[in-house]
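Each chain is listed here by its residues.
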Amino acid sequence: MRLRMSVAMASVVASLVVAVPGSASAASGDIAPGAWEPAPQAAFEQPAGARCDFAVRVEPIVDEVRKLTLATYPDGSPQRELYRGTLIDRVTNLETGATSTADASGTALIEYGTDGSMTWYVTGPVLMGFRANGGSLPKGLWLIDGQFVVEFSPTFEKTLTMLHGTTHNLCTDVD
(Lines give C-alpha, C1' and ligand atoms only; values in the text may rest on other atoms or scores of the structure.)
Protein backbone atom coordinates (compact mmCIF):
# COMPACT_ATOMS: atom_id res chain seq x y z
CA MET A 1 0.00 0.00 0.00
CA ARG A 2 2.76 2.46 0.94
CA LEU A 3 4.65 1.76 -2.29
CA ARG A 4 1.50 2.38 -4.34
CA MET A 5 0.94 5.67 -2.53
CA SER A 6 4.58 6.69 -3.13
CA VAL A 7 4.36 5.85 -6.81
CA ALA A 8 1.14 7.83 -7.02
CA MET A 9 2.78 10.82 -5.32
CA ALA A 10 5.78 10.65 -7.67
CA SER A 11 3.30 10.76 -10.56
CA VAL A 12 1.57 13.76 -8.98
CA VAL A 13 4.91 15.58 -8.67
CA ALA A 14 5.76 14.88 -12.30
CA SER A 15 2.34 16.05 -13.52
CA LEU A 16 2.44 19.19 -11.39
CA VAL A 17 5.82 20.18 -12.78
CA VAL A 18 4.48 19.85 -16.31
CA ALA A 19 1.04 21.36 -15.64
CA VAL A 20 1.94 24.38 -13.49
CA PRO A 21 3.81 26.94 -15.57
CA GLY A 22 5.79 29.77 -13.99
CA SER A 23 3.68 32.92 -13.79
CA ALA A 24 4.58 36.11 -15.62
CA SER A 25 4.62 38.06 -12.35
CA ALA A 26 7.08 35.59 -10.80
CA ALA A 27 9.34 35.89 -13.82
CA SER A 28 9.42 39.69 -13.44
CA GLY A 29 10.31 39.41 -9.74
CA ASP A 30 6.88 40.51 -8.45
CA ILE A 31 5.91 37.65 -6.13
CA ALA A 32 2.23 37.04 -5.42
CA PRO A 33 0.67 34.38 -3.17
CA GLY A 34 0.43 31.11 -5.06
CA ALA A 35 3.09 32.15 -7.57
CA TRP A 36 6.44 30.51 -8.20
CA GLU A 37 9.10 32.30 -6.17
CA PRO A 38 12.87 31.98 -5.82
CA ALA A 39 14.05 29.48 -3.19
CA PRO A 40 17.81 30.01 -3.00
CA GLN A 41 20.05 27.52 -1.21
CA ALA A 42 22.52 29.08 1.20
CA ALA A 43 26.11 27.86 1.21
CA PHE A 44 26.99 25.86 4.31
CA GLU A 45 29.96 24.26 6.02
CA GLN A 46 30.16 21.15 8.17
CA PRO A 47 33.07 20.38 10.53
CA ALA A 48 35.19 17.26 10.15
CA GLY A 49 33.20 14.21 11.14
CA ALA A 50 29.75 15.77 10.79
CA ARG A 51 29.05 14.58 7.22
CA CYS A 52 32.49 13.71 5.83
CA ASP A 53 35.64 12.73 7.70
CA PHE A 54 36.99 16.21 6.88
CA ALA A 55 35.55 19.72 7.02
CA VAL A 56 33.43 20.39 3.94
CA ARG A 57 31.71 23.34 2.27
CA VAL A 58 28.74 23.11 -0.11
CA GLU A 59 27.87 26.16 -2.17
CA PRO A 60 25.55 26.69 -5.12
CA ILE A 61 27.26 27.80 -8.31
CA VAL A 62 24.01 27.77 -10.32
CA ASP A 63 20.78 28.21 -8.35
CA GLU A 64 17.54 28.64 -10.27
CA VAL A 65 15.35 26.75 -7.79
CA ARG A 66 11.83 28.07 -7.31
CA LYS A 67 9.00 26.98 -5.07
CA LEU A 68 5.24 27.02 -5.33
CA THR A 69 3.14 26.88 -2.16
CA LEU A 70 0.24 24.54 -2.88
CA ALA A 71 -1.47 24.58 0.54
CA THR A 72 -1.06 26.34 3.87
CA TYR A 73 -2.17 25.74 7.42
CA PRO A 74 -4.65 28.21 8.99
CA ASP A 75 -1.72 30.14 10.52
CA GLY A 76 -0.26 30.68 7.02
CA SER A 77 2.67 28.28 7.39
CA PRO A 78 3.24 25.95 4.43
CA GLN A 79 1.52 22.59 4.42
CA ARG A 80 2.60 21.48 0.94
CA GLU A 81 5.17 23.03 -1.43
CA LEU A 82 6.63 22.10 -4.79
CA TYR A 83 10.30 22.81 -5.59
CA ARG A 84 11.94 22.67 -9.03
CA GLY A 85 14.79 24.22 -10.97
CA THR A 86 18.46 23.95 -11.78
CA LEU A 87 20.83 23.60 -8.84
CA ILE A 88 24.53 22.89 -9.32
CA ASP A 89 26.56 22.68 -6.09
CA ARG A 90 30.30 22.83 -5.54
CA VAL A 91 31.50 20.50 -2.77
CA THR A 92 34.89 21.48 -1.29
CA ASN A 93 37.13 19.57 1.10
CA LEU A 94 38.26 22.45 3.34
CA GLU A 95 41.40 20.59 4.41
CA THR A 96 42.81 19.79 0.94
CA GLY A 97 40.94 22.20 -1.35
CA ALA A 98 39.70 19.33 -3.55
CA THR A 99 36.38 20.16 -5.22
CA SER A 100 33.64 18.41 -7.10
CA THR A 101 30.41 19.63 -8.66
CA ALA A 102 27.03 17.97 -8.26
CA ASP A 103 23.84 18.44 -10.24
CA ALA A 104 21.09 18.54 -7.60
CA SER A 105 18.35 19.76 -9.96
CA GLY A 106 15.59 17.44 -8.81
CA THR A 107 11.93 18.15 -8.19
CA ALA A 108 10.32 17.67 -4.79
CA LEU A 109 6.83 17.84 -3.38
CA ILE A 110 7.18 18.48 0.35
CA GLU A 111 4.45 17.90 2.91
CA TYR A 112 5.05 19.56 6.29
CA GLY A 113 3.62 17.99 9.44
CA THR A 114 2.40 20.15 12.31
CA ASP A 115 4.91 18.36 14.59
CA GLY A 116 7.98 19.46 12.59
CA SER A 117 8.13 16.31 10.47
CA MET A 118 8.32 16.44 6.67
CA THR A 119 7.84 14.02 3.81
CA TRP A 120 9.60 14.68 0.51
CA TYR A 121 8.36 12.97 -2.68
CA VAL A 122 11.30 13.39 -5.05
CA THR A 123 12.35 12.86 -8.61
CA GLY A 124 16.10 13.41 -8.26
CA PRO A 125 18.86 14.22 -8.24
CA VAL A 126 19.09 16.02 -4.91
CA LEU A 127 21.97 16.51 -2.48
CA MET A 128 21.19 15.51 1.09
CA GLY A 129 23.39 15.27 4.16
CA PHE A 130 23.09 12.44 6.66
CA ARG A 131 24.71 12.57 10.09
CA ALA A 132 26.03 9.46 11.84
CA ASN A 133 23.08 7.43 13.17
CA GLY A 134 20.73 10.03 11.71
CA GLY A 135 18.83 8.00 9.19
CA SER A 136 18.76 5.16 6.74
CA LEU A 137 22.02 6.09 4.97
CA PRO A 138 25.45 6.27 6.61
CA LYS A 139 27.04 9.60 7.43
CA GLY A 140 27.81 11.54 4.25
CA LEU A 141 26.77 14.05 1.62
CA TRP A 142 24.59 11.95 -0.63
CA LEU A 143 23.60 12.66 -4.21
CA ILE A 144 20.35 10.71 -4.51
CA ASP A 145 18.93 10.23 -7.99
CA GLY A 146 15.77 8.55 -9.22
CA GLN A 147 12.33 8.46 -7.63
CA PHE A 148 12.17 8.21 -3.87
CA VAL A 149 10.54 9.37 -0.66
CA VAL A 150 12.38 10.83 2.34
CA GLU A 151 10.59 11.03 5.67
CA PHE A 152 12.05 13.45 8.22
CA SER A 153 11.21 12.98 11.88
CA PRO A 154 10.75 16.11 14.05
CA THR A 155 14.42 15.56 15.11
CA PHE A 156 15.47 15.43 11.43
CA GLU A 157 16.26 11.72 11.29
CA LYS A 158 15.77 10.73 7.67
CA THR A 159 14.28 7.54 6.26
CA LEU A 160 14.93 7.08 2.55
CA THR A 161 12.63 4.79 0.55
CA MET A 162 13.90 4.30 -3.00
CA LEU A 163 11.38 3.46 -5.69
CA HIS A 164 14.27 3.23 -8.14
CA GLY A 165 17.53 5.08 -8.50
CA THR A 166 21.00 5.46 -7.09
CA THR A 167 22.87 6.95 -4.15
CA HIS A 168 26.42 8.30 -4.20
CA ASN A 169 28.40 9.73 -1.28
CA LEU A 170 30.10 12.89 -2.56
CA CYS A 171 32.57 12.78 0.36
CA THR A 172 34.40 10.08 -1.63
CA ASP A 173 34.81 12.47 -4.59
CA VAL A 174 36.75 15.07 -2.60
CA ASP A 175 38.56 12.81 -0.12
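Residues numbered from 1 in each chain as written. Predicted model: local features only at pLDDT ≥ 70, side-chain atom pairs only at ≥ 80, totals over all residues. Heavy atoms only, no water.

Asker: Would you explain the overall build of the chain in this entry?
Answerer: For the chain, the helix and strand inventory stands at two helices and twelve strands. In sequence order, the chain lays out its α and β elements as α-α-β-β-β-β-β-β-β-β-β-β-β-β. The 175 residues of the chain split such that 40% are buried. Of the contacts formed within the chain by residues at least 6 apart in sequence, a portion of 51% connects residues at least 24 apart. (Helix = DSSP H or I, 4+ residues; strand = E, 2+ residues; numbered from the N terminus. Buried < 20%, exposed > 50% of the residue type's maximum accessible area, 1.4 Å probe, protein only. Contact = heavy atoms within 4.5 Å.)

Asker: Is there a simple way to explain the sheet that holds strand E7 (residues 99-103) in this structure?
Answerer: Within a sheet, neighbouring strands are paired by backbone hydrogen bonds and run either parallel or antiparallel to one another. Read across the sheet, four strands follow the order E2-E3-E6-E7 without closing on themselves; strand pairing throughout is antiparallel. Strands at the two margins of the open sheet, each flanked by one partner only, are strand E2 (44-46) and E7. Averaged over all pairs of adjacent strands, the angle between strand axes in this sheet comes to 25°, irrespective of strand direction. Here E2 runs beside strand E3 (residues 56-63); their pairing, made up of three bridges, is antiparallel. (Pairing = 2+ DSSP bridges. Axes fitted to C-alpha atoms, helices over the stretch in contact; angles between N-to-C directions.)

Asker: I'm lost on the nonpolar core in this one. Help?
Answerer: Inside soluble globular proteins, nonpolar side chains tend to come together where they are buried. Core analysis: the biggest nonpolar cluster contains 33 residues, and Trp120, Met128, Leu141 and Ile144 have the highest contact counts within it. Only E3, strand E6 (87-93), strand E8 (107-112), strand E9 (118-123), strand E10 (126-130) and strand E11 (140-152) provide two or more residues apiece to this core. Sorting elements by how many residues they give to this core places E11 first, with seven residues. If sequence neighbours within four positions are ignored, methionine 128 has contacts with Trp120, Gly140, Leu141, Trp142, Ile144, Val150, Phe152 and Lys158. Ranked by size, the runner-up nonpolar core spans six residues in total, among them Trp36, Leu68, Leu82 and Leu109. (Core = buried A, V, L, I, M, F, W, Y, C linked by side-chain atoms within 4.5 Å.)

Asker: Sorry if this is basic, but what is going on with the environment of tyrosine 73 here?
Answerer: Tracing the sequence through the fold places tyrosine 73 in the loop between strand E4 (66-72) and strand E5 (78-84). Those residues in contact with tyrosine 73 that sit more than four places away from it in its chain are Pro78, Gln79, Tyr112, Gly113 and Thr114.

Asker: What is the right way to look at the pairing of E6 in this model?
Answerer: On a regular strand, one side chain projects to one face of the sheet and the next to the other, so that they alternate. Counting buried positions along E6 gives six out of seven residues, so the element sits mostly inside the fold. In this sheet, E6 lies alongside E3 in antiparallel orientation, the contact comprising seven bridges. The residue bridging valine 56 from the neighbouring strand is asparagine 93, located in E6. Across five bridges, the pairing between E6 and E7 is antiparallel. Along E7, the bridge assignment pairs valine 91 with serine 100.

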